[in-house]
Amino acid sequence: MTDTKTHTGGCHCGAVRFEVELDLAAPMTECNCSICGKSGTRLAFVPDHKFTLKSGEEALRDYQFNKMHIHHLFCTTCGVRSFARGAAPDGTMMYAVNVRCLDDVDLGAMNVQHFDGKSL
Ligand SMILES: [Zn+2]
């Protein structure tokens, strides 16, 4: 059973706003890799048709490192990383949404899976 709903979210200052279709009961990923570990994100991965950027494209700055596959976007005003995007190996554009940036969600009730990205 899935309970997929449309959720809204964004950065701290409000410049970046998005909608995403997500099942909040699904496992969310916390990763210990060099960037997730430092920025403290908790991620849900969705294909691009489930993600809509409502505002703030011009407020986003891109950051890339290592293999340069993933665009680690952040708001140039408040610095919050509300989502990242990049192409999966099969070419599908994927979004990694930081569920900490969703409106009105219970972070403590989420099912969190720890991913050992540091060891990859
Ligand atoms: Zn912002």
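See the structure above.
In what follows, the accompanying structure is described. (Residues numbered from 1 in each chain as written. Predicted model: local features only at pLDDT ≥ 70, side-chain atom pairs only at ≥ 80, totals over all residues. Heavy atoms only, no water.)

1. Some thoughts on the coordination of the zinc ion
Defined as follows: Only N, O and S atoms count as donors, using a 2.8 Å limit from the metal and a wider 3.2 Å limit for Na, K and Ca, and since water is excluded some coordination spheres may look unfilled. Under this scheme a four-donor centre is tetrahedral when all angles range from 85 to 135 degrees, a four-donor centre is square planar and a six-donor centre octahedral when opposite donors are above 155 degrees with the rest from 65 to 115, and any other centre is irregular. The numbering of helices and of strands both runs from the N terminus, where a helix is a DSSP run of H or I of at least 4 residues and a strand a run of E of at least 2. We call a residue buried when its accessible area falls under 20% of the maximum for its residue type, exposed when it is over 50%, and partly exposed in between, using a 1.4 Å probe and counting protein chains only.
Within the protein, the zinc ion binds to Cys-11 (SG), Cys-13 (SG), Cys-75 (SG) and Cys-78 (SG); these donor distances fall in the range 2.3 to 2.4 Å. Every donor counted, the four donor atoms about the zinc ion form angles of 104 to 119° at the centre, which fits tetrahedral coordination. All donors of the zinc ion come from a single chain, and their spacing in sequence reads C-x1-C-x61-C-x2-C. Taken together, the residues Cys-11 in the loop between β1 (4–10) and β2 (17–23) and Cys-78 in the loop between β8 (74–75) and β9 (83–87) connect sequence positions 67 residues apart. Judged by its relative accessible area of 9%, Cys-11 is buried. Residue Cys-78 is classed as partly exposed on the basis of its relative accessible area of 26%.

2. Quick word on the packing of aromatic side chains
What counts is decided by this rule: Only Phe, Tyr and Trp rings are paired, with Trp represented by its six-membered ring, and only when their centres lie within 6.5 Å; those with planes under 30 degrees apart are stacked, over 60 edge-to-face, the remainder tilted.
Under the counting rule described, the total for this entry stands at six aromatic pairs. Here Phe-18 and Phe-83 contribute two aromatic rings whose centre-to-centre distance is 5.9 Å and whose plane-to-plane angle is 75°, an arrangement assigned as edge-to-face. Pair noted here: Phe-18 is in strand β2 and Phe-83 is in strand β9, with a separation of 65 residues, a long-range link. For Phe-18, a relative accessible area of 1% corresponds to the buried category. Ring centres of Phe-83 and Tyr-95 lie 5.8 Å apart, and the angle between their planes is 40°; on these two criteria the pair is classed as tilted. One end of the pair, Phe-83, is in strand β9; the other, Tyr-95, is in strand β10 (residues 93–98), and 12 residues separate them in sequence. With respect to class, Phe-83 is no different from Tyr-95; both count as buried. One aromatic cluster in this structure is built from Phe-18, Phe-51, Phe-83 and Tyr-95.

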